[in-house]
Amino acid sequence: MDIREQELEQRLRTAMDHAAPDALDRILASCEAQKGIVIPMEQARKPRRRRWASLAVAAALAVVCCVFGLTSWRGANAVASVVSLDVNPSIQLQVSKNENVLSAEALNEDARVILDGMDLKGTQLKVAVNAIVGSLLQNGYLDRLSSAILISVEDDDAQRAARLESDLTAEVGTALENASAGAAILSQILSMDTGLQAQAQSSSISVGKAAMIRDIQALNSQLDFDALSALSVEELKQLRETGAPDMPIGTAAAAAAAMQYAGVSSSAVTYDVDPELDEYPAYYEVELYTASGEFDYNVDAWTGQVLKGPANVSSITGTTTPSGISGGISADKAKSIALADAGVSESSALGLRVKQDWDDGMAIYEVEFRCNGAEYEYDIRSSDGAILKSERDDDNDYYYTTAPSASGSLVGEAAAQSAALTHAGVKESDTSYLSCHLEYDDGRVECYEVEFQAGSTQYEYEIGPYDGAVWKAERETRAAVPASGTTTGTSGTTTGSTSGTTSGSSSLISAEAAKSAALAHAGVNASNVYEFKCELDRDDGVTLYEVEFKSGGMEYEYEIDATTGAVLKAEQDWDD
């Protein structure tokens, strides 16, 4: 290397020393102080990339939050269930999965009155239902035994629907019990059905009521959907229970028929109408309250003919009701007699009602109430408090969902008879006749019908075919037939009394003897008979047996004199 190169190298070293001074000693000293401490090192990033990454992360988080919030909002405000309450007012509630009311809709004019002044949106479902039931009670829709409320839950989630149906039924039951109201509670669970929803909407009724009407039309396809939709839930319930044989005239038409027969105008009268479509013959009970007093009418449910009640009452002065009758027991006493016979305390009786009436010229009290799922109806004689008639009928809820078919063996006629006799407190040896047979409905076993008479009281029972439970009990006491009172003169004995019995108390033939008389007349062997039925009845003062049976594709009906065994009536027809 020559001098020039050495000089250049020295100058370059000097320049480098100035540009990067030797800091090794200072660095090592510093490192000695930091010895044992780990310092994480991150790779340097370009400022521009770090900024856009942060913005992207923030934007992503914002999107996630918005989506989650929107989803949660939609979930909380989406319709999960549709609950409808029907009496005659029809109210429909749309409910979220959190059981908050999203909307409350009045489906007819009566319902608008019920919801007047209420803002139920956003309230809890149970709170809303209690408010609606309170308004129904206040407006007089649920205060009678002849009223019913239908609770319908429409939901595709079967578990949630079952829970809502159970909770709401209990909630309404508690509200009615607290108000001592006697209305029946019916409930049903529905799946979402767009066809049924459209049909309900076109008739301005709830889906729940539409489902009930659809079931009735399955029994009788001739009945019009819109005409049925105008009926109350109680009318529909009774119509379904009786197989929907015809289209009833409705409460308004029944009231109009009674007013026309009574000769009063609608402006001069107030009225109450109770459907009795499950009675025979089916009728509407109409009570007219006029300036001349209170008048009761029975109007045929199919034809509108007035079956019972006074005509042209405007010309009557005073009152024809038994309220002015002197003597006899009080209404409170009649109530006590009925409750004691039923074994029900007054505090437990719902819809308790006592009403004075006439029956075949006799003053009576009609007592009605409901307790523990059963309906009770009594006729108490005003003069002495005798029980002339008592009925107990199980008030079963109506379920649209198909119930499992009964399983197991029939309890048998002997067990059914024993259940009825035990309930009545009557020994078999004390009965003048005893009949028991299976009742069928569309070819399926429905119940045992047990009928018997002890003294002057006639009993009718429906007994569960598989468990022997008492489903229905009726008792009616007939006035004793008076003895002739004529004597033979000096002997002082009653005419025809050689056997020790009066002419008015001849013994009756047995139900088995009546059956034999009918079968002999028809020329049918007992082994070839099915769906046999034999009932003791009284027609125009004559005690008789009504005998019905089927054999060889034919249906037979007989009336057999219960005293002589004579065939009074015989009919036969093809069993269609």
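About the criteria used
Residues numbered from 1 in each chain as written. Predicted model: local features only at pLDDT ≥ 70, side-chain atom pairs only at ≥ 80, totals over all residues. Heavy atoms only, no water. Axes fitted to C-alpha atoms, helices over the stretch in contact; angles between N-to-C directions. Helix = DSSP H or I, 4+ residues; strand = E, 2+ residues; numbered from the N terminus. Parallel < 35°, antiparallel > 145°, perpendicular 65-115°, else oblique. Left-handed = near helix turned anticlockwise from the far one by under 90°. Contact = heavy atoms within 4.5 Å. Nonpolar A, V, L, I, M, F, W, Y, C, P; charged D, E, K, R; others polar. Buried < 20%, exposed > 50% of the residue type's maximum accessible area, 1.4 Å probe, protein only. Pairing = 2+ DSSP bridges. Phe/Tyr/Trp six-rings, centres within 6.5 Å; stacked < 30°, edge-to-face > 60°. Lys NZ or Arg CZ within 6 Å of the ring centre and 35° of its normal.

Participant: Tell me about the packing of helix H8 (residues 207–219) against helix H10 (residues 233–241), and please be specific about residues and values.
Facilitator: Between two packed helices, the angle of one axis relative to the other and the distance separating the axes together describe the packing. Viewed as axis vectors pointing N to C, H8 and H10 meet at an angle of 30°, and their least axial separation amounts to 10 Å. Overall, the two elements H8 and H10 adopt an arrangement that is roughly parallel. For the element pair H8 and H10, the recorded crossing hand is left-handed. Seen from H8, the contacting residues are Lys209, Met212, Ile213, Ile216 and Leu219; seen from H10, they are Val233, Leu236, Lys237, Leu239 and Arg240. In terms of residue class, the contact of H8 with H10 is made up of seven nonpolar, no polar and three charged.

Participant: I'd like a rundown of unusual backbone geometry, residues and numbers included.
Facilitator: A positive phi angle, near 55°, is found at Ser180, a position not held by glycine. Among the structural elements, Ser180 can be located in the loop between helix H6 (158–178) and strand E5 (184–190). Look at Ser180 and you get partly exposed, because its relative accessible area is 44%. Not every positive phi belongs to a glycine, and Ala244 is a case in point at roughly 50°. Of note, Ala244 is situated in the loop between H10 and helix H11 (251–262).

Participant: Account for the sheet that holds strand E18 (residues 530–539), with residues named and values stated.
Facilitator: One open sheet accounts for four strands, arranged E18-E19-E20-E21; its pairing is antiparallel. If you trace the sheet from one side to the other, it starts and ends with E18 and strand E21 (567–574), each paired once. Here the strands of the sheet are splayed against their neighbours by 15° on average, with no regard to which way each runs.

Participant: Describe the packing of aromatic side chains, naming the residues involved and giving the relevant values.
Facilitator: Per the stated rule, a full pass over the model turns up nine aromatic pairs. Summarising the aromatic geometry, the rings of Phe452 and Tyr461 are spaced 6.0 Å apart at their centres and angled 5° between planes, so their arrangement reads as stacked. A residue is classified by how much of its surface remains accessible, and Phe452, at 0% relative accessible area, is buried. Relative to Tyr556, the ring of Phe549 has its centre 4.9 Å away and its plane inclined at 15°; by these criteria the two rings are stacked. For the pair formed by Phe549 and Tyr556, the shared burial category is buried. The rings of Phe532, Phe549, Tyr556 and Tyr558 are connected pair by pair, giving a single aromatic cluster. Above the ring of Phe532, the side-chain terminus of Lys515 is found at 4.9 Å from the ring centroid.

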